[in-house]
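Remarks on the overall topology
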Amino acid sequence: MSRRARLALFAAAAPALAVTLGAGLAGLPSFGGQITSYARMLSELAPRQRHITDVVSAISFDYRGIDTLFEEFILLSAVAGISVLLRPLSDETRQLPEDKAPDRTIPPPSPAVWLLAVFLSSMLVLTGIETITHGQLTPGGGFQGGVILASALYVVYLGTNYVTVERFQPAPLLEAYDGVGAFGYVFIGLLGLLAGAGFLSNVVGLGVTGNLISGGTIPLLNLVVGVEVAGGFAILASEFLDQTAVIRTRRR
Amino acid sequence: MSEAVIAVALVWVAASGTAVVLTRDPLRQAFVAGFFGLALAFLYLSLQAGDVALSQIVVGAIALPLIVLLSLAKVRKGRE
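Residues numbered from 1 in each chain as written. Chains lettered and ligands numbered in written order. Predicted model: local features only at pLDDT ≥ 70, side-chain atom pairs only at ≥ 80, totals over all residues.

Turning next to the overall build of chain B. Along the backbone of chain B there are three helices and zero strands. Tracing chain B from N to C terminus, the helices and strands come up as α-α-α. Each of the three principal axes of chain B carries a C-alpha extent, and together these read 55 × 25 × 10 Å. Of all 80 residues assigned to chain B, the portion counted as buried reaches 19%. Counted over contacts in chain B with a minimum sequence separation of 6, partners at least 24 positions apart contribute 48%. (Helix = DSSP H or I, 4+ residues; strand = E, 2+ residues; numbered from the N terminus. Buried ≥ 20, exposed ≤ 12 C-beta atoms within 10 Å, placed from the backbone. Contact = placed C-beta atoms within 7 Å.)

On to the overall build of chain A. For chain A, the helix and strand inventory stands at nine helices and two strands. In sequence order, the secondary structure elements of chain A are arranged as α-α-α-α-β-α-α-α-α-α-β. A compact globule built from 252 residues would reach a C-alpha radius of gyration of about 18 Å, whereas chain A, at 24 Å, exceeds it by more than 25%. The principal-axis extent of the C-alpha atoms belonging to chain A is close to 70 × 65 × 40 Å. When burial is assessed residue by residue, chain A has 32% of its 252 residues classed as buried. (Rg over C-alpha atoms; globule rule 2.2 N^0.38 Å.)

Let us look at helix α2 (residues 26-46) of chain B. Residues and elements named next belong to chain B. Given a rise of 1.5 Å per residue, 21 residues ought to cover 30 Å, and the 30 Å separating the end C-alpha atoms of α2 matches this to within 8%. Within α2, burial applies to A33, F36, G37, A39, L40, A41, L43 and Y44. Q48 lies just past α2 and shows a positive phi near 65°. (Expected span 1.5 Å × (residues − 1).)

Attention now moves to the packing of helix α2 (residues 37-50) of chain A against helix α3 (residues 55-63) of chain A. Between two packed helices, the angle of one axis relative to the other and the distance separating the axes together describe the packing. Residue and element names in this part refer to chain A. Their axes nearest at 9 Å, the elements α2 and α3 cross at an angle of 75°. In terms of orientation, α2 lies roughly perpendicular with respect to α3. Together, L42, S43, A46 and R50 of α2 and V55, A58, I59 and D62 of α3 make up the contact between the two elements. (Axes fitted to C-alpha atoms, helices over the stretch in contact; angles between N-to-C directions. Parallel < 35°, antiparallel > 145°, perpendicular 65-115°, else oblique.)

Let us now look at unusual backbone geometry. Residue and element names in this part refer to chain A. Even without glycine at this site, H51 takes up a positive phi of about 55°. Mapped onto the secondary structure, H51 falls in the loop between α2 and α3. A tally of 21 C-beta atoms within 10 Å means that H51 is categorised as buried.

Soluble, globular proteins show a tendency: their nonpolar side chains are buried together. If you look at the biggest cluster of nonpolar residues, it comprises 53 residues, and the most contacted ones within it are V147, A150, L153, A230, F233, A234 and A237 of chain A. It is helix α9 (residues 217-245) of chain A that contributes the most residues to this core, 16 residues altogether. Ignoring sequence-local partners within four residues, the contact set of V147 of chain A consists of V229 and F233 of chain A together with V58, I62 and A63 of chain B. (Core = buried A, V, L, I, M, F, W, Y, C linked by C-beta atoms within 7 Å.)

Secondary-structure assignment places V11 of chain B in helix α1 (residues 2-22). For V11 of chain B and A39 of chain B, which are 28 residues apart along the polypeptide, the C-alpha to C-alpha distance reads 9.3 Å.

Residue and element names in this part refer to chain B. Their axes nearest at 9 Å, the elements α1 and α2 cross at an angle of 160°. On the basis of their axis angle, the class for α1 and α2 is roughly antiparallel. The way α1 lies across α2 gives a crossing that is left-handed. Each of V5, I6, A9, L10, W12, V13, S16, G17, A19 and V20 in α1 lies in contact with α2, whose residues at this interface are Q29, V32, A33, F35, F36, A39, L40, F42, L43 and S46. In terms of residue class, the contact of α1 with α2 is built from 16 nonpolar, four polar and no charged. (Left-handed = near helix turned anticlockwise from the far one by under 90°. Nonpolar A, V, L, I, M, F, W, Y, C, P; charged D, E, K, R; others polar.)

Our next topic: the confidence of the model for chain B. Residues and elements named next belong to chain B. Across chain B, the average pLDDT comes to 89, with 95% of residues at 70 or higher. Ranking the elements of chain B by mean pLDDT puts helix α3 (residues 50-79) last, at 86, and α1 first, at 93. Predicted as a complex, the structure gets a pTM of 0.85 and an ipTM equal to 0.85. (pLDDT = per-residue confidence, 0-100.)

All names here are of chain A. Position of S57 among the secondary structure elements: in helix α3. Overall, the presence of 27 C-beta atoms within 10 Å leaves S57 in the buried class. For S57 and T93, which are 36 residues apart along the polypeptide, the C-alpha to C-alpha distance reads 45 Å. In this structure S57 touches I52, G135, Q136, G141 and I218, once residues within four positions along its chain are discounted.

The next point concerns the environment of L72 of chain B. All names here are of chain B. Mapped onto the elements of the fold, L72 is located in helix α3. A tally of 15 C-beta atoms within 10 Å means that L72 is categorised as partly exposed. Note: C-alpha distance between L72 and G34 (38 residues apart in sequence) is 15 Å.

Glancing now at the confidence of the model for chain A. Chain-level pLDDT for chain A is 88 on average; 96% of the residues reach the 70-or-more range. Within chain A, no element has a lower average pLDDT than strand β2 (residues 247-249) of chain A, which sits at 77, and none a higher one than helix α1 (residues 3-26) of chain A, at 94.

Here is the structure:
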């Protein structure tokens, strides 16, 4: 497209965008203004109906649980797409970094870096589990905790080397986490149907508000989402790392 | 008081967002984008959206910079 045609297209499109965007923005409620009646109703009802203290968890895993199910599958298909896209192609080969200079050994990381990696990765695992299991009580939940768990593996890589981190994350295990987590969500949804209520109804005992085990299916769904997200993000990181560290174009 | 915090957060978001656009080198942009993510998380927190702030931190500070940095490493290695 020539410069003149692009400018003409822009001149036509910019006012149209400005008008529609302006009309849309004019219809928005004022900033930080009134709380909608739906929000007020949910913060009133959710703690009593679902025995939770974090209303956002009750919305995303119970009242709007079906939306989260679809988001689960968006992540699953995104990770599957990345895996297909980043596989070794026919003119590429997997080659460990040390194969380039077999007579030279890679110096191990200094003890200080290693100690920091051990300390940080164990703290990250702990924080991840804490975030997943307390989803119904405090901000956080399966998605956030899952990413924190996967990030523990990055720290292992930073503190050691490629071969060690591959031992920590065997691909079949990560794929199993991803798949089992996604299926677990559907399975917990089917529990509702088995109990004679609707799909994804909260049919498990609700427990006492404020306890670690409370909220019925909400902590269970957080757990399976956490497993899926941890597996998915670990696959994502290891696919990108493979591309950078070991996959290279075959010499002709 | 809370208005002041929100105002600081909004200014921080605007400034760091502009900085992301004005940074031309992709490697530096990855770091600046990380700070932009932090500013967004602070804004969400100041608006009392703790869950969204946590999601923003894990995506903006862990997932996005990692993918950008590893992609840059791959592209630069291909050029050598």
